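Reading the structure
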Amino acid sequence: MTTNQGMEQLIPLVNKLQDAFAHTGSTLNIDLPQIAVVGGQSAGKSSVLENFVGKDFLPRGSGIVTRRPLVLQLITAKNGEWGEFLHCKGKKFTDFNEIRKEIEEETDRMTGSNKGISAIPINLRVHSPHVLNLTLVDLPGMTKVPVGDQPADIEQQIRDMIMQFVVKDNCLILAVSPANSDLANSDALKIAKEFDPQGIRTIGVITKLDLMDEGTDAKHILENKHLPLRRGYVGVVNRSQKDIDGNKDIKAALSAERRFFLSHPAYRHMADKLGTPYLQKILNQQLTNHIKETLPALRNKLQKQMMDMEKEVEEFKNFKPDDPSRKTKAMLQMIQGFNNSFEQLIEGTGASIDTLELSGGAKINRIFHERFPYELVKMEFDEQTLRKEISVVIQNIHAIRTGLFTPDTAFEEIVKSQIAKLKDPALKCVELVSTELMNVLRKCSDKMGRYPMLREETDRVVSTNVREKEAMTKEQVKFLINCEISYINTNHEDFIGFANASQKGVDRGAKKKSVGNQVIRKGWLTMHNLSFIKGGSRDFWFTLSAEQFQWYKDEEEKDKKFLLSLDNIRLRDLEKGFMSSKYGFALFSTESRNVYKDYRQLELSAETQEEVDSWKASFLRAGVYPERSTEKNQDSTSGSSETSLDPQLERQVETIRNLVDSYMAIVSKTIRDLVPKIIMNIMIGQTKEFIATEVLAHLYSSGNGTDLMEESHEEAERRDTMLKMYHSLKEALKVMGDINMKTVQTNLPPPVDNSWIPEEPATNGTPAQSLYASQQSYNRQPSVRSSSPARRPPSRPQMGRMAPGPPPTQAPSLPPPIMPSNAAPPIPNRPMPGRAPPSIPRRPAPSQKPMIPQRPT
């Protein structure tokens, strides 16, 4: 079991909150911070990490032991403790000694056994009921001189490894420095200051306090008076290598640490703020602070979720499924909602309007004004067939006689046949509107999913009515066409008459020119008349006017690519498979000329069929008509028909053609206007009235109304789930209140002056000054040193401590140590048994008044 009591107390609260969130269908995303341990070699980083977890599982030894980053993920488990490595998937390690052995072997597999390093981390997951979901990172110790198989840039590589972790804002930095080295040159503090300049995430840890020379201490450091940090320092005493070899457990080590601080005269007054338990308390407090900082956003999310469902939950609180009055009321509400939804979709009213696609009345409007006119034009202007029919009718009327005058009977016969051809596009318009109307009704009935039988019966009743109205509308449209056929009104004010028939072609051309070159449509289209070098196709911005069609690079319309005149231009459909999944059409010239560069036709496409239909309708307004089936065989048919015509017959055909054109324009205008009105009156208007006044009566007459209001199994489950979620949300909010009551959040300490930490790393020639040297520079007057690097410090009296004097103007400098060029600097270690301890520098006599050196600027 872990010895981290603070974590033991925090785990139940987090687990309780996690359970409450699980019932709400949400995920508790607290994202607890990482804890990275940074320091030099043999500074005690791994020991600090082990003490926090409460388990002995990391490799230990002298020199560089941690040679790869170890990312330790602690995961809360309900039963048992075990570890898993990412490189050993599926294998569980229940013995922590085996975990240590696997770490050592995996390190050697990647880096070799001769002190090599690697930036590839080892990922270890420890499952335990005694831990929180945390990530701890054990990093290699910082060094400057490569040894063994280490690369020449060992310092930069280790720095890059550390930077990958400490640069994150949710990473707490434990800057570990041994007590028997100079704190002012601590590489850990330099790294911490670089990535955490405000000191918000940095906690200083002083190790090896039991290894300081006799008579020296780190009192002023631990009191944060000398070389201060914003969050201060915590002193710890780790197990020695001898203790580890003797299998001294962590509990016994913590007891020995406690005795050390209580018995030491420099530390006994602050023993409660030293040691591993206090470090655990600080880190656990940081976890508590992080959780409490996360709770407001989570609380707002839950409260919003509760407010969204409160209205529905209020209805369900006193819900009685078998109450007849409730069922009657619910049926009335459903039918009323169905009626309102239908009216909103058709009329375009209401608060919720679809912003992604056209629906309801908008699609019906496009059928009226785009699809229907386009279909009419395709039937009207089949020029070649029409002239052939006129010629045949005139000759049949003359029979064996030679006609001197143009027969008016030919005009009536041709007009009646042309009016009859308008019946198919008019009936097709009715069918398209009926299909869209059924889609609208189906969308409205989706809101009745709570009562499947009611929904099914409503769909049946309304669909039957729509089919009946569709049949009535078709009969009315046929009646309209028959009325037009029954009487040809040659006295209509817009009809040109026989006298003006010969001038119709000139008048028709003048009428088109009077429209002007106004812009009809703009938009994006894909053009496929490009070479394979340029990709074969590309999107351009097109503008269509009454006389020309042009395209640009983009919608700013600055870089014009081409301008196409619409004279003698027709439009034809392209098969969908011709240009992948897009819907396309092509523009071509009736004079068999190239319309764009060397291309006989301009091939264009759009994403949807609706967009293509809209462009076709726009081209129709510009006078670009669709291709007729007879035009494809024009060359083969025109020769036989025109060679048999004499000049007199040609004049009669042209006269009848102009008369038919004039009268069909009148009929077409009438059909375009009346067919949508018939559809609106019978199909849509009467359907709205039927839904508002008769649907409820039909539902009651179809069977037992109580059976129609039986809830679906899914709806009953949804209601129960909603009520459970509502209570779970209340429970989660209550747990958040308990966390606020049972935990205390500490304020961030005020900033301190950390300018004493150097900005740049020290060079290899910087002396390795000990911590007691820094401490003595704080307490004694500097003396003049000789140039000999081997000079010993002066002896001091056994008793007495002097008050500090005024500071000198400059701190003394230490001579550089003499070291071999091919060896790493010596690492301080515990004194071996039987070896005399090193000499302890003495304080000056009481009669002397030492000067306190100033901190270097």
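Residues numbered from 1 in each chain as written. Predicted model: local features only at pLDDT ≥ 70, side-chain atom pairs only at ≥ 80, totals over all residues. Heavy atoms only, no water.

Some details on the overall build of the chain
Scanning the chain from terminus to terminus reveals 23 helices and 15 strands. Relative to its 857 residues, the chain shows a buried fraction of 45%. Look at the contacts in the chain between residues 6 or more apart in sequence, and 78% of them connect residues 24 or more apart. Surface summary for the chain: the accessible area is close to 45100 Å², and the carbon and sulfur share equals 51%. (Helix = DSSP H or I, 4+ residues; strand = E, 2+ residues; numbered from the N terminus. Buried < 20%, exposed > 50% of the residue type's maximum accessible area, 1.4 Å probe, protein only. Contact = heavy atoms within 4.5 Å. Areas by Shrake-Rupley, 256 points an atom, 1.4 Å probe, with all protein chains shown as cover.)

Points about empty space enclosed by the protein
In the structure shown here, the tally under the stated rule is four cavities of 30 Å³ or more. Size it by volume and the second largest cavity reaches roughly 70 Å³. Forming the walls of the second largest cavity are eleven residues, and the residues nearest its centre are N51, V237, N238, R239 and A253. Residues of the lining of the second largest cavity, tallied by class, amount to four nonpolar, four polar and three charged. (1 Å grid on protein atoms, 1.4 Å probe; cavity = no way out; pocket = protein on both sides within 12 Å on 5 of 7 lines; lining within 4 Å. Points joined across faces, edges and corners; volume = space filled by probe spheres on them. Nonpolar A, V, L, I, M, F, W, Y, C, P; charged D, E, K, R; others polar.)

Quick word on the pairing of strand β11 (residues 548–552)
Taken across its five residues, β11 has four buried, putting it largely inside the fold. Both strand β10 (residues 538–545) and β11 contribute to a ladder of four bridges, which runs antiparallel. In the sheet register, T543 faces β11, and the bridge partner there is Q550. The loop that links β10 with its antiparallel partner β11 comprises two residues. (Pairing = 2+ DSSP bridges.)

Remarks on the packing of helix α14 (residues 423–445) against helix α15 (residues 452–486)
With their axes 10 Å apart at the nearest point, α14 and α15 run at an angle of 165° to one another. Considering the angle they form, α14 stands roughly antiparallel to α15. In the crossing of α14 with α15, the sense of the turn from one axis to the other is right-handed. Split into classes, the residues belonging to the contact of α14 with α15 amount to ten nonpolar, five polar and eight charged. (Axes fitted to C-alpha atoms, helices over the stretch in contact; angles between N-to-C directions. Parallel < 35°, antiparallel > 145°, perpendicular 65-115°, else oblique. Left-handed = near helix turned anticlockwise from the far one by under 90°.)

Observations concerning the environment of T693
Relative to the assigned elements, T693 resides in helix α19 (residues 647–693). A relative accessible area of 53% places T693 in the exposed class. Considering only alpha carbons, one finds T693 and N339, 354 residues apart in sequence, at a separation of 9.6 Å.

Regarding the nonpolar core
Side chains that are nonpolar tend, in soluble globular proteins, to be buried together. Counting 66 residues, the largest nonpolar core has F411, V433, L454 and I671 as its most contacted members. For this core, the elements supplying multiple residues, two or more each, are α10 (324–347), α11 (361–380), α12 (383–398), α13 (408–420), α14, α15, α19 and α20 (695–701). Considering every element that reaches this core, the biggest residue donor is α19, with 18 residues. Contacts of V433, omitting those with residues within four sequence positions, involve I364, I367, F368, I679, M683 and I684. (Core = buried A, V, L, I, M, F, W, Y, C linked by side-chain atoms within 4.5 Å.)

Comments concerning the pattern of salt bridges
Counted according to the given criterion, the structure contains 22 salt bridges. Taking the shortest distance from any N to any O, the salt bridge between K225 and E223 comes out at 3.3 Å. In this structure, E370 engages R366 in a salt bridge whose closest nitrogen and oxygen atoms are separated by 3.3 Å. In this pair, E370 and R366 are both assigned in helix α11, four residues apart and thus about one turn of the helix distant. Classification of R366 by relative accessible area gives partly exposed; the value is 21%. (Salt bridge = Lys/Arg side-chain N within 4 Å of Asp/Glu carboxyl O.)

What about the sheet that holds β10?
Pairing in this open sheet of seven strands is antiparallel, and the strands run β12-β11-β10-β9-β15-β14-β13 from one edge to the other. Edge positions in the open sheet fall to β12 (560–565) and β13 (569–574), since each of these has one partner strand only. Shown here is a sheet whose adjacent strand axes are inclined to one another by a mean of 35°, direction ignored. Direction of pairing for strand β9 (residues 519–527) relative to strand β15 (residues 601–606): antiparallel, over a ladder of two bridges. In the sheet register, M527 faces β15, and the bridge partner there is L604. Along the sheet, helix α17 (residues 609–621) makes contact with β9, β10, β11, β13, β14 (583–589) and β15, crossing β9 at roughly 135°.

Looking at the side chain of E370
Residue classification places E370 among the buried residues on the basis of a relative accessible area of 18%. Discounting chain neighbours no more than four positions away, the residues touching E370 are D613, S614 and A617.

Purely spatial values, then, with no claim about function.
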